[in-house]
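Structural overview
Given next are the chains, with one letter for each unit.
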Amino acid sequence: MNWPFDTVLVANRGEIAVRILRTVQALGLKGAVVYHAADAKSPAVALADEALPITGETPVAAYLDAAQIIAAARQAGAGAIHPGYGFLSENADFARAVEAAGIAFVGPTPEQIELMGDKVRARAHVEKAGFPVAPSAIEDDDPASFVERARQVPFPILIKPAAGGGGKGMRVVRDPAQLEQEIERARSEGQRYFGDGRLYVERYIENPRHIEVQVMGDAHGQVVHVFERECSVQRRFQKIIEETPSPALDPALREKICETAAGIARSIGYRNAGTVEFIFGQGGEFYFLETNTRLQVEHPVTEQITGIDLVEVQLKVAAGEPLPFRQEDIGKRGHAIEFRIYAEDAASGFTPTTGPVLMLRPPQGEGLRLDAGIREGQTVSAAFDPMLAKLVVTGADRSEACERADAALRDLVLLGCQTNIGFLRRVLNHPAFAAGEVHTGFLDAHPELAADPDLPAATRERLLAAAAAMTRPLRDIADTVPDLHAAMGSWRN
Amino acid sequence: MQHAFKIKDSEHAVGLSRSEDGYRLHLGERSLNFRLQAGEAGDLVLHCGNTVDHLRVAVDGDDVWIHIDGETHCLRFEHALQRLAELNETAGADVIKAAMPGSLVSLGVAAGDSVRKGQTLLVMESMKMETTIVAPRDGVVAEVRLEPGQTFDKDAVLLSLEPVAAE
């Protein structure tokens, strides 16, 4: 095809920058990327045809600096900017500034971002369009009576920032006596993270599943769904394992939830890639949660079972092309599961960890895809989100995918920084996960999964043996001191 | 005092000597012979008794990272002299360290300020949550190491209090 642009700038970092650059380059286009000095050694910078430095008071601030990024796009001669996820991807002002600069924004229109990015407006729109939403109270409707109205929503309830996302500032309240205090905390967090302290509360559905649907629209009014993803395994409201198809859906329910999502997207003439998220109750009822107006972290599982390169379609839509398929052309085959590899210590409450990447060995085998944003020699710092890579495993069915995943997590080696790999493997092998019976409270209900397993004595001895032989002062003693002294543990001589 | 390795929070004193064709590990009364050789795929092969393990190992200063049986472990080497020195150190509540990596949101105090036990010293952000750090005791702020917005690693010193004068 004839592209209206020959260079695409990726305004992101880490694994998603690498993933977008690969498709850009495979399409015969040039891929440019912006980077902060902290990412100078990253694989995205190495892969890009051109890498343009940006600066900021903090590393994150650099990637949020719209003016610098647009200037970098001009410098690289980029005719399109792909924002990835996070950072500026759901910032309507950025999308508007990009288009005002005569550059195509790879995403929805600024108006669509504004509507769907404001959870309160989005919810009102969805309800008005006739789609299901959960019982709620919205502060903006009448701020003076918000606390009173919140009290009327059946408890337990969930407080959310109106401008929020990613679980930030969300609080579950079970005791009405705690309501006002929790509202104040959520407001403070919302203010700090989003510069917006407005809130809303909704009924908290116990042990729900999180099911979302990939949608894709073009600038010519066509909208399709690309099936669902189940993302119920979450810690602190953040997804860590995602899969498709969802084990909870039969074909009729799948059709219903996917068509609902496509209907919501169609109701606003949605353009480019988006995800409609639902909360799915144990009884099969589902309610609209929110729409993410961007490519999702977990998009690869959809790609694995449909054979569709979502970034390629995004770029075509941004180039003004119609969608390359109709709904009936989209099929799926097999089962795919994504595991998010985080630099964190599961045993101490999933606290982030830092350290150098001394060794990274991807697993080998059929049906494996590792989208990694790090490489050996890089350092994992506290400056960014602790997600390092995504392991995506595909099999003919769910049990084959699980088997392959177990071997892949066993063989994936990352040394120098503590990760959640062992924890992910314990979750995978839990009977409830194997049976496909998980919900968003699954990890809270099974804290033993996060705890460090006991180290068998035989393993501990072998670890100590290897470590001793790798440690200079110990080896020096062994190589120079007769056996008897070493056995006494004497360093005095 | 022997050399030791720390695995998580447990300390294991070890000694190492030569054996006929490799090394001998000494763990208290117990000892075991082993050989550690370079493998073909960049791994290390550990022969220990009747077992053979393929390990991935990386050393970073005193940290030895080992991948074995599908799990990764970090063993921190503790030199015998260092262990001896630490015995004499008294742990005080004079230094506020970061329990996890994060960034500083706001400071409630400056160097020289008198604080009461329980008073807010600073607010930090980690794991996308705010945490308030309060004074562990009455005292005077000796030093503040960070400015709002700055990020820090686990165990970084955030703030210190003037030591309590010995009575």
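These notes cover the structure that comes with them. Computed from a predicted structure; not experimentally measured.

**So, the overall build of chain A**
Scanning chain A for helices and strands turns up 19 helices and 23 strands. At 24 Å, chain A has a C-alpha radius of gyration in line with the 23 Å of a compact globule built from 493 residues. Across its three principal directions, the C-alpha atoms of chain A cover 85 × 60 × 45 Å. Sorting the 493 residues of chain A into buried and exposed places 51% on the buried side. Here the contacts in chain A between residues at least 6 apart in sequence split such that 64% fall between residues at least 24 apart.

**Side note on the overall build of chain B**
Along its length, chain B carries one helix and 17 strands. Against the 2.2 N^0.38 benchmark of 15 Å for 167 residues, chain B shows a C-alpha radius of gyration of 22 Å, more extended than a compact globule. Overall size of chain B, expressed as C-alpha extent along the three principal axes, is 65 × 40 × 20 Å. Counting all 167 residues of chain B, 28% fall into the buried class. Intrachain contacts of chain B at a sequence separation of at least 6 include 37% that bridge at least 24 residues.

**Some remarks on the interface of chain B and chain A**
The partner chain A presents 48 residues to the 58 residues of chain B that form the contact. Tallied by class, the residues present in the side of chain B that touches chain A amount to 30 nonpolar, 16 polar and 12 charged.

**A closer look at the sheet that holds strand 15 (residues 139-144) of chain B**
All names here are of chain B. Taken in spatial order, the four strands line up as 10-17-15-12 in an open sheet, and their pairing is antiparallel. Each edge of the open sheet is held by one strand with a lone partner, namely strand 10 (95-97) and strand 12 (114-115). Here strand 12 runs beside strand 15; their pairing, made up of two bridges, is antiparallel. Each bridged residue has a counterpart across the sheet, and for Ser114 the counterpart in strand 15 is Val140.

**So, the packing of helix 5 (residues 92-100) of chain A against helix 6 (residues 110-117) of chain A**
Residue and element names in this part refer to chain A. Two numbers describe how helix 5 lies on helix 6: the axes approach to 8 Å, and their chain directions differ by 180 degrees. The angle between helix 5 and helix 6 falls in the class roughly antiparallel. Along the contact surface, helix 5 presents Ala92, Ala95 and Arg96, while helix 6 presents Pro110, Ile113, Glu114 and Gly117. Looking at side-chain class alone, the contact of helix 5 with helix 6 contains four nonpolar, one polar and two charged residues.

**Thoughts on the pairing of strand 2 (residues 10-13) of chain B**
All names here are of chain B. Sheet analysis places strand 1 (residues 4-7) next to strand 2, joined by four bridges and oriented antiparallel. Of the residues in strand 2, the one forming a bridge with Lys6 is Glu11. Linking strand 1 to strand 2, which pair antiparallel, is a turn of two residues; within it Lys8 sits at a positive phi near 55 degrees.

**Overview of unusual backbone geometry**
If a residue is not glycine, its phi is most likely negative; likewise, a peptide bond is most likely trans. Residue Phe155 of chain A is joined to Pro156 of chain A through a cis peptide bond whose omega torsion reads -5 degrees. Mapping Pro156 of chain A onto the fold places it in the loop between helix 8 (146-152) and strand 7 (157-161). A cis geometry characterises the amide bond from Thr244 of chain A onward to Pro245 of chain A, with omega recorded as -5 degrees. When you line up the elements, Pro245 of chain A lands in the loop between strand 12 (238-244) and helix 10 (251-266). The phi dihedral of Asp69 of chain B is positive, around 50 degrees, even though this residue is not glycine. Inspection of the secondary structure puts Asp69 of chain B in the loop between strand 8 (63-68) and strand 9 (71-78). Take Asp69 of chain B: there are 13 C-beta atoms within 10 Å of it, and that puts it in the partly exposed class.

**Regarding the nonpolar core**
Counting residues in hydrophobic clusters, the biggest one holds 96 residues, and the most contacted among them are Leu9, Val33, Ile81 and Phe278 of chain A. If sequence neighbours within four positions are ignored, Ile81 of chain A has contacts with Leu9, Ala11, Ala73, Val98, Ile103, Phe105 and Val106 of chain A. Ala336, Leu409 and Leu424 of chain A together with Ile66 of chain B belong to the second-largest nonpolar core, a separate cluster that totals 66 residues.

**Some points on the sheet that holds strand 20 (residues 368-372) of chain A**
All names here are of chain A. With respect to topology, eight strands assemble into an open sheet ordered 14-13-10-11-12-15-22-20, the strand pairing being antiparallel. The open sheet has two edge strands, strand 14 (286-292) and strand 20, and neither has a second partner. Across the sheet, the mean angle from the axis of one strand to that of its neighbour is 25 degrees, orientation sign disregarded. Sheet contacts for helix 12 (residues 310-318): strand 10 (209-217) and strand 13 (272-280); angle to strand 13, the most-contacted strand, approximately 125 degrees.

**Quick word on helix 18 (residues 472-480) of chain A**
All names here are of chain A. Along helix 18, the residues that are buried comprise Leu474, Ile477 and Ala478. For helix 18, the buried positions fall inside an angular range of 95 degrees around the axis, keeping them on one side. Exposed residues pointing more than 90 degrees away from the buried face of helix 18 are listed as Arg472, Asp476, Asp479 and Thr480.

**Brief notes about the environment of His225 of chain A**
All names here are of chain A. Here His225 is to be found in strand 11 (residues 223-235). Residue His225 is classed as buried on the basis of its C-beta count, with 23 C-beta atoms lying within 10 Å. Remark: the alpha-carbon pair of His225 and Gly274, spanning 49 residues in sequence, is separated by 9.5 Å. With residues up to four places along the chain from it excluded, the contact list for His225 reads Val213, Gln214, Val215, Cys258, Ala261 and Ala262.

Cut-offs and rules
Residues numbered from 1 in each chain as written. Chains lettered and ligands numbered in written order. Predicted model: local features only at pLDDT ≥ 70, side-chain atom pairs only at ≥ 80, totals over all residues. Helix = DSSP H or I, 4+ residues; strand = E, 2+ residues; numbered from the N terminus. Rg over C-alpha atoms; globule rule 2.2 N^0.38 Å. Buried ≥ 20, exposed ≤ 12 C-beta atoms within 10 Å, placed from the backbone. Contact = placed C-beta atoms within 7 Å. Nonpolar A, V, L, I, M, F, W, Y, C, P; charged D, E, K, R; others polar. Pairing = 2+ DSSP bridges. Axes fitted to C-alpha atoms, helices over the stretch in contact; angles between N-to-C directions. Parallel < 35°, antiparallel > 145°, perpendicular 65-115°, else oblique. Core = buried A, V, L, I, M, F, W, Y, C linked by C-beta atoms within 7 Å. Arc of directions from axis to C-beta.

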